[in-house]
Amino acid sequence: EKGGFDWFMLKEIDEQPQAVADTLLGRYAADGSLQLDEMRLSDDELRDIDKVIIIACGTAFYAGLVAKYAIEHWTRVPCEVELASEFRYRDPIVDRSTLVVAISQSGETMDTLMAIRHARTQRANVLAICNTNGSTIPRESDAVIYTHAGPEIAVASTKGFLSQVVACYLLGLYLAQVRGAKFGDEITAIMHELESLPAAIRRVLDDGEQVRELARELVDKRSVLFLGRHAGYPVALEGALKLKELAYIHAEGFAAGELKHGPIALIEDDLPVFVIVPPRGRDQLNEKVISNVQEIRARGARTIVLAEDGDEHVVPYADHLIRLPRVPTLMQPLVATVPLQLFACELADRLGHDVDQPRNLAKSVTVE
Ligand code: F6R
């Protein structure tokens, strides 16, 4: 049943190219425009939306954080991302022109369910992004986009996360389309970028041995940091969460730009720090993050750098270099997360932990 893998989690990590392809499947209408057929919200309703609020927990929340970058960039509609467990307790500003997007792999997470119930009392439109057909959250929502990633059995979410990001991207593109942006060509180009991801993810998986080796080397570490910027920031948070929940070691993710505002004080000799380096582009973020790598290395950190093929500037400051396929900035989370999943899985396995059933955790959290 584990398909030759030692753990369901490894199997599910390996299924990610297919999961992403399946999330993308069947999204075109005959005229080549985008369609989301399970959507029960009309295009008119979507045109009236003036704010998107994404609510979710844990890894699904990080998928939402990634999606914010894309949704705001493509639609110019403000997009907030909030932990479901915080949402209804702070008297959020929600009305009929708010689109509340609930992301949940299981569709049964109680915090997320209570948040959408609250949103509906405020007459918001609620859309679920969910992997489990017929589960409670999509049943209680006005609309749904199913991720179609297949059942996720390991407690730690992996293919769930990637497919959630892709489904959010589909939503962002669809919103851009119905809102009439002269955007048609661009939507097609972005769809092609998404469609090229399964092959890119497969390549990262094929390079997995290097990450497994690294986990063996770092097996006695008690603390690991993760740095990222822009869409790489939520990837850092996700990398840290995976390590906490599976290996039970202290791990924290930071926005690389925040380093100098505090976290740099944590850097000490031989502290492993993963850094997700943004693709080279016009925005200078690549250069800025590379200079962060330089700074922490000068203070003794052991730098584990994830950088795209052909990025040579970072090489002198990387104690370990994990290569990523060259993809646009907004697509990078979908390749950069994969080595971090493998790392956490391998380290936990080395430590003798039950990777599929970490202590104290349940697959779906049906209490608040
Ligand atoms: C982390 C993990 C959890 C879930 C969270 C939300 O690996 O699995 O953080 O992501 O409990 O679960 P769903 O998506 O089912 O609502």
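Residues numbered from 1 in each chain as written. Predicted model: local features only at pLDDT ≥ 70, side-chain atom pairs only at ≥ 80, totals over all residues. Heavy atoms only, no water.

Looking at an unreviewed UniProt entry, one finds the protein named Glutamine--fructose-6-phosphate aminotransferase [isomerizing], with Solicola gregarius as its source organism. Under Subunit (unreviewed entry), UniProt gives the following word-for-word description of the protein: "Homodimer." Taken from UniProt, the Subcellular location (unreviewed entry) comment for the protein reads in full: "Cytoplasm". (UniProt positions renumbered as here; feature names shortened; annotations may be inferred.)

Some remarks on the packing of helix 2 (residues 16–24) against helix 8 (residues 159–178)
It is the contact of helix 2 with helix 8, at a shortest axis distance of 9 Å, that shows an interaxial angle of 25°. Here helix 2 is positioned roughly parallel relative to helix 8, judged by the angle of their axes. Relative to helix 8, helix 2 is oriented so that their crossing is right-handed. Contacts between helix 2 and helix 8 involve Gln16, Ala19, Val20, Thr23 and Leu24 from the former and Lys159, Leu162, Ser163, Val166, Ala167 and Leu170 from the latter. Across the contact of helix 2 with helix 8, the residue classes tally to seven nonpolar, three polar and one charged. (Axes fitted to C-alpha atoms, helices over the stretch in contact; angles between N-to-C directions. Helix = DSSP H or I, 4+ residues; strand = E, 2+ residues; numbered from the N terminus. Parallel < 35°, antiparallel > 145°, perpendicular 65-115°, else oblique. Left-handed = near helix turned anticlockwise from the far one by under 90°. Contact = heavy atoms within 4.5 Å. Nonpolar A, V, L, I, M, F, W, Y, C, P; charged D, E, K, R; others polar.)

So, the site of the ligand
What surrounds the ligand is a group of 14 residues, the closest being Ser104, Gln105, Ser106, Thr109 and Glu245. Between the ligand and valine 155, the relevant distance is 3.2 Å, taken from an oxygen atom to a main-chain nitrogen or oxygen of the residue. Glutamate 245 places a polar side-chain atom, nitrogen or oxygen, 2.5 Å from an oxygen atom of the ligand. For the ligand, the accessible surface in isolation is 410 Å², of which the surrounding protein chains cover 89%. Of all elements in the fold, only helix 4 (58–75) and helix 12 (232–247) reach the threshold of two or more residues within the shell around the ligand. (Near = heavy atom within 4 Å. Polar contact = N/O pair within 3.5 Å; in protein donor to acceptor, adjacent residues only side chain to side chain. Areas by Shrake-Rupley, 256 points an atom, 1.4 Å probe, with all protein chains shown as cover.)

A few points about the nonpolar core
Core analysis: the biggest nonpolar cluster contains 96 residues, and Leu99, Tyr169 and Leu243 have the highest contact counts within it. When neighbours within four sequence positions are excluded, tyrosine 169 is seen to be in contact with Val66, Ala67, Ala70, Trp74, Leu194, Leu330, Met331 and Leu334. Counting 19 residues, the second-largest nonpolar core is a separate cluster that includes Ala256, Ile267, Leu271 and Val314. (Core = buried A, V, L, I, M, F, W, Y, C linked by side-chain atoms within 4.5 Å. Buried < 20%, exposed > 50% of the residue type's maximum accessible area, 1.4 Å probe, protein only.)

Observations regarding unusual backbone geometry
In this structure, histidine 230 is a non-glycine residue whose phi angle is positive, near 55°. Its place among the elements puts histidine 230 in the loop between strand 6 (223–228) and helix 12. Overall, histidine 230 belongs to the partly exposed group, its relative accessible area being 26%. Phi angles above zero are rare outside glycine, and glutamine 284 is one such case at about 70°. Examined against the element boundaries, glutamine 284 turns out to sit in the loop between strand 8 (272–276) and helix 13 (285–298). By relative accessible area, which is 41% here, glutamine 284 ends up partly exposed.

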